[in-house]
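One letter stands for each residue in the lines below.
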Amino acid sequence: MSIAKDFIIEQIKSRIADYKEDAKMRTIGKVISVSDGIARISGLSDVSMSEMVEFKSGEDKTSYGVVLNMEEDSVGVVIFGEYTDIKEGNEVMATGRVLEVPVGQSMIGRVVDPLGEALDGKGKIEKKKFYPIEKIAPGVIARQSVNQPLQTGIKAIDAMIPIGRGQRELIIGDRQIGKTTIAIDTIINQKDQNIKCIYVAIGQKESKIAGIVSRLEKHGAMAYTTVILAGASNPASLLYIAPYAGTALAEYFLDQGDDVLIVYDDLSKHAVAYREISLLLRRPPGREAYPGDVFYLHSRLLERACRLSKEYGGGSITALPIIETQAGDVSAYIPTNVISITDGQIYLESDLFYKGNRPAVNAGLSVSRVGSAAQIKAMKKVAGKMRLEAAQYRELAAFAQFGSDLDAETKSKLERGRRLNEILKQGQYSPLSVANQVLIFYALINGFIDDVEVKNVIGFEEGLHKYAEIVGKDVLKQIIQGEFNEDLESNMKMLISDYKATLQ
Amino acid sequence: MKITPKDYAISLLRAIEGKKENEAKVVIENFVGLLARNNDLSKAPGIMDIFSSLWNKENKIIESEITAAKKLDANSLDSLKGFLLELSGAKEVKMIEKVDKDILGGIVVRYDDKVIDMSLRTKIRNLSNSIKT
């Protein structure tokens, strides 16, 4: 007992010995008014934009804010956290630092708020290193084009809308049709892929986040994931900085040469939070009452996603922003903005969702502008044919609704299309490895599934994966590693026909 | 057009510039007359505030507030004055002394929107914070 006491006393002594105090000149101001999380402050003559300021609201109470507006004789500041203690005439001190958040390996596996405070009750997080939340994105010299795939584990996406490491792929769709699910499945599928994941929840219900975190824990995904949470009950200021704070953490991992996946869920709520702040700061409203710089708000954020060249560390930040549309309206202000910023979008449709095609990816409207460069060879080969089949099926299906007299070729195309549709259906939290995906698609485009009844396709597929897991491990390995050649093709053919033989 | 207190203060400053004391008096009398004619006499306190801060800026005068735990002697005040003149580059320093027992010891110097906090209270608080973390 006394040893512990001595140790503590020793520690305190050494801290006191280390402590250095020097008188510094600081700039101060006075609060003129506080309203709705915004404070107007006089004085503070030489603060800079997005500098942190410190409010002294009581004997030992300090809260922080950040400078967003500078006018002739006042400064507009958004306050983080509680602002009810701050009174008119309170002293405000400039800190001389732009807003920065703690970063580090200790953030992995934690749920934190945008300022790096733990929210999961697992104890305090060590704050050793800080990164500024706003940073200029890497330039042309440091970048490299996307050349490595990021497997989502979702068949419809990996085959038709492939995502590469360093890409920005928007997930867009109405509420409640599986946008978050795609992002979470992707995070779960990054297990053992050497990717760090960051999930930024902006304005989400805390109950939903609790569900997501427990789901991630269940699949062992929290071992490489950080959840940054600015919930629906947090003030707009925290919602506003949340994606930037997440990106700052991603940039820390990037600087270690890691590959990072970051999900912003969702940016429409982020834009709404920024609109709130802007209107309270009396900036003029524009279309849909969003301020003039709402495009820059998202472009500067998503531009920080990148794939660095080898000389610059070779890491990457892949961004999956999510946008919620109202009644499928992709031509609203924020959706069009973010669509034009990103390298493609995954468009989810409620009609498909209610028909039972889940994930409800609309293959026609979804695109990936750069990802196909990063697909593995075998996948590229089968996906090309498969995409064609899917497109033909869509066209024919619309046409065949009116007539019943169809020639044999059309009929067979339709039948195959129906089976393809079944294959593209995939349950939640069940990502599939890319080798298995290639195998099932290969089986489809080569007619192995044509004689399986549509309602049995799902069972057939599950059986094939299980069979391949036991018998065809070498084939699966060959798919991932090698070229797409005749040897591989014959191996796959053999595996599939062997499996079919077991069904008889 | 509405004339703001700031406009009034600036124009008054320009009108007085380089005038001798008795000339300035005439200007000020005229100025008050103008205020009365414009029905703006109620703005006078605001104009005075802005004018004095403009005047101080123009003539490089700073007002400094010095808070100490007990009354400072003339010697230390003098050296403080020298220090402030050097620090701010002003020509003249107006010192306002304040006694506040709560700061325990040391002094707190303020001028414009700058503050140099050398009080014992702040030092103790910082020390206790550094031990806590």
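Here the structure is a predicted model, which means the values were calculated and not measured.

### Focus: the overall build of chain B
Looking only at helices and strands, chain B has 5 helices and 4 strands in total. Counted from the first residue to the last, chain B has its helices and strands arranged as α-α-α-β-α-β-β-β-α. For chain B, the proportion of its 133 residues judged to be buried stands at 11%. Expressed as a percentage of contacts within chain B between residues at least 6 apart in sequence, the contacts between residues at least 24 apart total 65%.

### Looking at the overall build of chain A
The secondary structure content of chain A amounts to 15 helices and 17 strands. Viewed in the frame of its principal axes, chain A has a C-alpha envelope of about 85 × 60 × 45 Å. Taking all 504 residues of chain A together, 44% fall into the buried category. Contacts in chain A between residues at least 24 apart in sequence constitute 72% of all its contacts with a sequence separation of at least 6.

### Brief notes about the nonpolar core
By size, the foremost hydrophobic cluster in this structure holds 139 residues, and its most contacted members are Ile 187, Val 200, Ile 262, Val 438 and Leu 439 of chain A. Among the elements that line this core, the one with the most residues is helix 5 (residues 236-255) of chain A, at 14 residues. Leaving out residues up to four positions away in the same chain, Ile 187 of chain A has contacts with Cys 197, Tyr 199, Leu 216, Ala 221, Thr 225, Leu 261 and Val 263 of chain A. In terms of nonpolar packing, the next biggest core, distinct from the first, is built from 5 residues, Tyr 8, Leu 12, Ile 47 and Ile 50 of chain B among them.

### Notes on the interface of chain B and chain A
Contact with chain B, which involves 11 residues of that partner, is made by 14 residues of chain A. Each residue belonging to the side of chain B that touches chain A can be placed in one class, and the counts come to 5 nonpolar, 2 polar and 4 charged. Bridge count between strand 1 (residues 25-35) of chain A and strand 4 (residues 114-119) of chain B: 3 bridges; the pairing is antiparallel. Considered in strand 4 of chain B, the bridge of Thr 27 of chain A is made with Lys 114 of chain B.

### Side note on helix 2 (residues 21-37) of chain B
In this model helix 2 of chain B runs 24 Å from its N-terminal to its C-terminal C-alpha over 17 residues, within 8% of the 24 Å that 1.5 Å per residue would give. One or two positions beyond helix 2 of chain B, positive phi appears at Asn 39 of chain B, with a value near 65 degrees.

### Focus: the packing of helix 1 (residues 5-16) of chain B against helix 3 (residues 44-58) of chain B
Residues and elements named next belong to chain B. Here helix 1 crosses helix 3 at 45 degrees, and the two axes come no closer than 8 Å. Considering their axes alone, helix 1 and helix 3 lie oblique with respect to each other. For helix 1 against helix 3, the interelement crossing comes out right-handed. Taking contact as the criterion, the partners of Pro 5, Lys 6, Tyr 8, Ala 9, Ile 10, Leu 12 and Leu 13 in helix 1 are, on helix 3, Gly 46, Ile 47, Ile 50, Phe 51, Leu 54, Trp 55 and Glu 58.

### Notes on the confidence of the model for chain B
In this model, chain B carries a mean pLDDT of 86, and residues with pLDDT of at least 70 account for 99%. Here the predicted complex scores 0.89 on pTM and 0.76 on ipTM.

### Focus: the environment of Glu 469 of chain A
Residue and element names in this part refer to chain A. Checked against the element boundaries, Glu 469 lands in helix 13 (residues 457-470). Residue classification places Glu 469 among the exposed residues on the basis of 12 C-beta atoms within 10 Å. On a C-alpha basis, the gap between Glu 469 and Tyr 296 in space is 48 Å, while along the polypeptide they are 173 residues apart.

### A closer look at unusual backbone geometry
Trans is the prevailing form of peptide bonds, just as negative phi is the prevailing case for residues other than glycine. Note the cis peptide between Asp 265 of chain A and Asp 266 of chain A, where omega equals -10 degrees. By the secondary structure assignment, Asp 266 of chain A is in the loop between strand 13 (259-265) and helix 6 (267-280). Note the cis peptide between Arg 358 of chain A and Pro 359 of chain A, where omega equals 0 degrees. Relative to the assigned elements, Pro 359 of chain A resides in the loop between helix 9 (350-355) and strand 17 (367-368). Not every positive phi belongs to a glycine, and Glu 288 of chain A is a case in point at roughly 50 degrees. Accessibility expressed as a C-beta count within 10 Å gives 12 for Glu 288 of chain A, which makes it exposed. Notably, Asp 112 of chain B is not glycine yet its phi reads approximately 45 degrees, a positive angle. Among the structural elements, Asp 112 of chain B can be located in the loop between strand 3 (106-111) and strand 4.

### Brief notes about the pairing of strand 5 (residues 75-79) of chain A
Residue and element names in this part refer to chain A. Burial analysis of strand 5 places 4 of its 5 residues in the buried class, which makes it a mostly covered element. Taken together, the 4 bridges between strand 2 (residues 38-43) and strand 5 define a ladder with antiparallel strand orientation. Within strand 5, the position partnered with Arg 40 by the bridge is Gly 76. Sheet topology note: the strand 4 (residues 62-70)/strand 5 ladder contains 5 bridges and is antiparallel. Each bridged residue has a counterpart across the sheet, and for Val 67 the counterpart in strand 5 is Val 77. Between strand 4 and strand 5, which pair antiparallel in sequence order, lie 4 residues.

### A word on the packing of helix 6 of chain A against helix 7 (residues 294-302) of chain A
Residue and element names in this part refer to chain A. The geometry of helix 6 relative to helix 7 is characterised by a closest axis approach of 10 Å and an angle of 135 degrees between their N-to-C directions. Regarding the angle of helix 6 to helix 7, the classification is oblique. The crossing of helix 6 and helix 7 is right-handed. Within the contact between the two elements, helix 6 uses Leu 267, Ala 271 and Tyr 274 and helix 7 uses Val 294, Leu 297 and His 298. Residues that form the contact of helix 6 with helix 7 fall into these classes: 5 nonpolar, 1 polar and no charged.

### Considerations on helix 13 of chain A
Residues and elements named next belong to chain A. Relative to the 20 Å expected for 14 residues at 1.5 Å per residue, helix 13 spans 20 Å between its end C-alpha atoms, a close match to the ideal helical length. Burial in helix 13 covers these residues: Val 457, Phe 460, Glu 461, Leu 464, His 465 and Ala 468. Along the long axis of helix 13, the arc covered by the buried residues comes to 135 degrees, so they all point the same way. Every exposed residue of helix 13 that faces more than 90 degrees away from the buried side is listed here: Gly 459, Glu 462, Lys 466, Glu 469 and Ile 470. Of the surrounding elements, those touching the buried residues of helix 13 are helix 11 (408-424), helix 12 (434-445), helix 14 (473-481) and helix 15 (486-503).

### Here's the deal with the environment of Lys 205 of chain A
One can find Lys 205 of chain A in the loop between strand 11 (195-204) and helix 4 (206-218). Sequence spacing of Lys 205 of chain A and Leu 229 of chain A is 24 residues, and the spatial spacing of their C-alpha atoms is 9.8 Å.

### Section: the environment of Ile 66 of chain B
All names here are of chain B. By secondary structure assignment, the location of Ile 66 is in strand 1 (residues 61-68). Taking the number of C-beta atoms within 10 Å as the measure of exposure, Ile 66 has 20 and is therefore buried. Taking the C-alpha atoms as reference, Ile 66 lies 8.8 Å from Tyr 111; in sequence the two are 45 residues apart. Apart from the residues lying within four places of it in its own chain, the contact partners of Ile 66 are Leu 80, Met 95, Glu 97, Lys 98, Ile 107 and Val 109.

### Considerations on the confidence of the model for chain A
On average, chain A scores 92 in pLDDT, and the residues at 70 or more come to 99%. When mean pLDDT is taken per element in chain A, strand 15 (residues 316-324) of chain A scores highest with 97 and helix 1 (residues 2-18) of chain A scores lowest with 83.

### Considering the pairing of strand 3 of chain B
Residue and element names in this part refer to chain B. In this sheet, strand 3 lies alongside strand 1 in antiparallel orientation, the contact comprising 5 bridges. If you follow Thr 67 over to strand 3, its bridge partner there is Val 108. Sheet analysis places strand 3 next to strand 4, joined by 6 bridges and oriented antiparallel. In the strand pairing of strand 4, Ile 107 is matched with Met 118. Taking the residues between adjacent antiparallel strands as the criterion, strand 3 and strand 4 are bridged by 2 residues, where Asp 112 takes a positive phi near 45 degrees.

Conventions and cut-offs
- Residues numbered from 1 in each chain as written.
- Chains lettered and ligands numbered in written order.
- Predicted model: local features only at pLDDT ≥ 70, side-chain atom pairs only at ≥ 80, totals over all residues.
- Helix = DSSP H or I, 4+ residues; strand = E, 2+ residues; numbered from the N terminus.
- Buried ≥ 20, exposed ≤ 12 C-beta atoms within 10 Å, placed from the backbone.
- Contact = placed C-beta atoms within 7 Å.
- Core = buried A, V, L, I, M, F, W, Y, C linked by C-beta atoms within 7 Å.
- Nonpolar A, V, L, I, M, F, W, Y, C, P; charged D, E, K, R; others polar.
- Pairing = 2+ DSSP bridges.
- Expected span 1.5 Å × (residues − 1).
- Axes fitted to C-alpha atoms, helices over the stretch in contact; angles between N-to-C directions.
- Parallel < 35°, antiparallel > 145°, perpendicular 65-115°, else oblique.
- Left-handed = near helix turned anticlockwise from the far one by under 90°.
- pLDDT = per-residue confidence, 0-100.
- Arc of directions from axis to C-beta.

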